[in-house]
Amino acid sequence: MKISVTDKRPAKGDVIVLTSEEGKLPNVPEAEFKGAALSLYSEHKDGRRVVYAGLGKAGEIKSDTIRKAVGAAVKKLAGLEVASVVLELDKYWAEAQAAVEGAYIGAYKYEEFLPEERRRKIAIKSITLVAGKTNLAKVRAAAKEGEVLGEATNLVRKLGDSPGNVIYPETLATRAQQVAKANGLSCKVWTDAALKKDKFGGLLAVGGGSVRGPRFIEMRYNCRKAKAPTIAVVGKAITFDTGGISIKPDSAMDEMKFDKMGGCAVLGIMQAVAKLKLPVNVVGLISSAENMPDGAAYRPGDIVTTFDGQTVEVLNTDAEGRIVLADALGYARTRVKPDYMIDMATLTGAVVVALGMDRAGVFTEDEKRRMQWHKLGEQTGDRVWPMPVGDEYDEQVKSDIATVKNLGNSRWGGACTAASFLKTWVGDIPWTHLDIAGTAWATSAKPYLEKGATGAAVRLVTAFLKEF
Ligand code: BES
Ligand code: ZN
Ligand code: ZN
């Protein structure tokens, strides 16, 4: 998709016009369109299609309102197989970044395995932003950032929508190497022998039951600035989670191809950080395994020794994400020694019970950071809500025979006991954990988004790194 910015409406292409409730459309009955958020109204005017995208009340329009409204309009035009789109930003020119992100989000559809006749014949080739008489250089810079984040989001969505027989630890590692090569990042992959040699006991245990061996992936972005801080961004990438010996019930087990979304987000973030040339060093770490039941699978009761030597009493093989993350966090703490750590994971069903599917849980002990995550969540549309960390949960993962156990004493507060478990490997490094189990994929389509992977946390974490 080619994005460009001009100051007056080009003669060709279907047009999107942003319309608030106050910006009435003459000759259109209110029942048909009154500019409500996410509503659309199309008409043909001067030989071209014009789509009015509702923004709701003028006083309540935020970046994310623009992102989703543009997303809805572009999704509609993409479905109509339109090739070139003109987007009238008009007085919303300051929201060019959000608008372009929305355009990418709306244009994406996973078609890899659809029969030829059901695929789109024409994809959107160009989007021209009309910004009116303003600082075009500024709008162009913002649009460029939107492009980087939109591309990163869709890269992650494509990985996510790809099923477990296409994306498994080995192929995910290959994708990471491709992204690294294309963006000037270093990339190191641990295969079975290296994992054994370096004692990644968590990954080896969780991946033990699969014929597709686990991988640990490290991607590094170096900003080449003296005294720049280093941030480790860690992701859970279980390419398919059957639950293992503690096997899951069959309802919706297919969705567990999305259990890799935290790790996939790391890939997208690394690409975005490199393209934006952010002035921080970022180390992306992905723990990837397939959780399968098998003769070689780990079992309830096993005690696993993780990378840093701390041990886990396994009480349920379906609480596997925290075990592969223990290796990655322990590696980050002892080898990378970063100034800050962020981990992202589709970690618990409990966070979905707590917050639903539109907000991820954010766990951090630092109140200022908690507020920062919340603010960035509202801005980027990657919304979050604070969840507690504390010794009341630490108590619940204590084990009589190992450092910790991988289940809380009761099933209540499961997202919080999972976060406490992770904290064991974090030590004194300032840290945030994002539980994206509810937000990583959509179980039904939205006006601005196809059903499937969402790319959750990519825009949020990149914005955090930009501010760091
Ligand atoms: N991948 C799941 C968490 C999950 C469940 C994500 C549903 C999205 C939707 C994770 O590995 C898991 O199975 N967690 C268990 C933990 C439990 C056994 C303590 C859960 O949440 O039920
Ligand atoms: Zn599981
Ligand atoms: Zn899982």
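Conventions we followed
- Residues numbered from 1 in each chain as written.
- Chains lettered and ligands numbered in written order.
- Predicted model: local features only at pLDDT ≥ 70, side-chain atom pairs only at ≥ 80, totals over all residues.
- Heavy atoms only, no water.
- Helix = DSSP H or I, 4+ residues; strand = E, 2+ residues; numbered from the N terminus.
- Rg over C-alpha atoms; globule rule 2.2 N^0.38 Å.
- Areas by Shrake-Rupley, 256 points an atom, 1.4 Å probe, with all protein chains shown as cover.
- Lys, Arg positive; Asp, Glu negative; His and termini not counted.
- Charge placed at Lys NZ, Arg CZ, Asp CG, Glu CD.
- Donors = N, O, S within 2.8 Å, 3.2 Å for Na, K, Ca; no water.
- Tetrahedral: all angles 85-135°; square planar, octahedral: opposite > 155°, others 65-115°.
- Pairing = 2+ DSSP bridges.
- Near = heavy atom within 4 Å.
- Polar contact = N/O pair within 3.5 Å; in protein donor to acceptor, adjacent residues only side chain to side chain.
- Nonpolar A, V, L, I, M, F, W, Y, C, P; charged D, E, K, R; others polar.
- Core = buried A, V, L, I, M, F, W, Y, C linked by side-chain atoms within 4.5 Å.
- Buried < 20%, exposed > 50% of the residue type's maximum accessible area, 1.4 Å probe, protein only.
- Contact = heavy atoms within 4.5 Å.
- Axes fitted to C-alpha atoms, helices over the stretch in contact; angles between N-to-C directions.
- Salt bridge = Lys/Arg side-chain N within 4 Å of Asp/Glu carboxyl O.
- Right-handed = clockwise from strand over helix to strand, strands pointing away.

Below, the discussion takes up the overall build of the protein. Of the regular secondary structure elements, the protein holds 13 helices and 19 strands. Computed over its C-alpha atoms, the radius of gyration of the protein comes to 23 Å, within 12% of the 23 Å expected for a compact globule of 468 residues. Along the longest, intermediate and shortest principal axes, the C-alpha atoms of the protein span 75 × 50 × 40 Å. Accessible area of the protein: about 19,400 Å², with a carbon and sulfur share of 51%. The protein carries 65 positive and 57 negative side-chain charges, and their two centres are separated by 6 Å.

The coordination sphere of the zinc ion (ligand 2), as far as protein atoms go, consists of Asp 241 (OD), Asp 318 (O), Asp 318 (OD) and Glu 320 (OE), spread over 2.0 to 2.2 Å. Here the zinc ion (ligand 2) binds six donor atoms, and the angle range of 71 to 168° at the metal identifies the geometry as irregular. Expressed as a motif, the donor residue spacing for the zinc ion (ligand 2) is D-x76-D-x1-E. Between the two metal centres, the zinc ion (ligand 2) and the zinc ion (ligand 3), the spacing is 3.2 Å, with Asp 241 acting as a shared donor.

For the rest of this paragraph, the subject is the sheet that holds strand β16 (residues 404-405). The strand order β11-β12-β16 describes an open sheet built from three strands, whose pairing is mixed. Pairing within the sheet leaves two strands with one partner each, and these edge strands are β11 (303-305) and β16. In this sheet, β16 lies alongside strand β12 (residues 311-313) in parallel orientation, the contact comprising two bridges. The residue bridging Val 312 from the neighbouring strand is Val 404, located in β16.

Let us now look at the site of ligand 1. Every one of the 16 residues lining ligand 1 counts as a neighbour, but Lys 248, Asp 259, Asp 318, Glu 320 and Gly 349 are closest to it. In the environment of ligand 1, an oxygen atom lies 2.9 Å from a nitrogen or oxygen atom belonging to the side chain of Asp 241. Between Asp 259 and ligand 1, the recorded distance is 2.8 Å, taken from a side-chain N or O atom to a nitrogen atom. Here ligand 1, which alone exposes 510 Å², has 77% of that area covered by the protein. Broken down by class, the residue content of the shell around ligand 1 amounts to five nonpolar, four polar and seven charged.

Counting 60 residues, the largest nonpolar core has Trp 373, Leu 434, Val 461 and Leu 465 as its most contacted members. Tallying contributions element by element places helix α7 (residues 261-276) first for this core, with 11 residues. Beyond its immediate stretch of four places on either side in the chain, Leu 434 contacts Ile 342, Asp 343, Met 344, Ala 345, Gly 361, Val 362, Trp 373, Val 384, Ala 457, Leu 460 and Val 461. Grouped together as the second largest cluster of nonpolar side chains are 39 residues, Val 206, Leu 329, Val 336 and Trp 431 included.

Read across the sheet, eight strands follow the order β7-β8-β10-β9-β13-β17-β14-β15 without closing on themselves; strand pairing throughout is mixed. Of all the strands in the sheet, just β7 (186-190) and β15 (384-387) have a single pairing partner and so form its edges. Here the strands of the sheet are splayed against their neighbours by 20° on average, with no regard to which way each runs. Across five bridges, the pairing between β7 and strand β8 (residues 215-221) is antiparallel. Directly across from Val 189, in β8, lies its bridge partner Ile 217. Contacting β7, β8, β9 (230-241) and β10 (281-291), helix α4 (residues 169-182) crosses the sheet at an angle of about 10° to β8.

Now for the pattern of salt bridges. Applying the stated rule across the entire model yields 30 salt bridges. We note a salt bridge from Asp 318 to Lys 248, for which the minimum N-O separation is 2.9 Å. Residue Asp 318 is found in the loop between β12 and α8 (321-336), and its partner Lys 248 is found in the loop between β9 and α7; the two are separated by 70 residues along the sequence. Judged by its relative accessible area of 23%, Asp 318 is partly exposed.

Bringing the coordination of the zinc ion (ligand 3) into the picture now. Only Lys 236 (NZ), Asp 241 (OD), Asp 259 (OD) and Glu 320 (OE) from the protein coordinate the zinc ion (ligand 3), and they sit 2.0 to 2.5 Å from it. Coordination geometry of the zinc ion (ligand 3): the six donor atoms subtend angles of 77 to 175° at the metal centre, consistent with an arrangement described as octahedral. Read from N- to C-terminus, the donor residues coordinating the zinc ion (ligand 3) fall into the pattern K-x4-D-x17-D-x60-E.

Now for unusual backbone geometry. Non-glycine residue Asp 46 carries a positive phi angle of around 50°. Here Asp 46 lies in the loop between β3 (40-45) and β4 (48-54).

Summarising the element assignment, Tyr 168 is placed in the loop between α3 (136-161) and α4. Residue Tyr 168 is classed as buried on the basis of its relative accessible area of 17%. When the C-alpha atoms of Tyr 168 and Arg 67 are compared, they prove to be 32 Å apart, with 101 residues separating the residues in sequence.

Turning to the pairing of β15, a few remarks are in order. For a regular strand, side-chain orientation follows a simple rule: the groups alternate between the two sheet faces. Pairing geometry for strand β14 (residues 360-363) and β15, over four bridges, is parallel. Of the residues in β15, the one forming a bridge with Val 362 is Pro 386. Traced from β14 through helix α10 (residues 367-380) to β15, the parallel crossover comes out right-handed.

Right, let's talk about the side chain of Asp 302 for a bit. In this structure, Asp 302 sits in the loop between β10 and β11. Among the polar contacts listed, one links the side chain of Asp 302 to the side chain of Arg 299, at a separation of 3.0 Å. Residues within four places of Asp 302 in sequence aside, it is in contact with Val 312, Glu 313 and Val 314.

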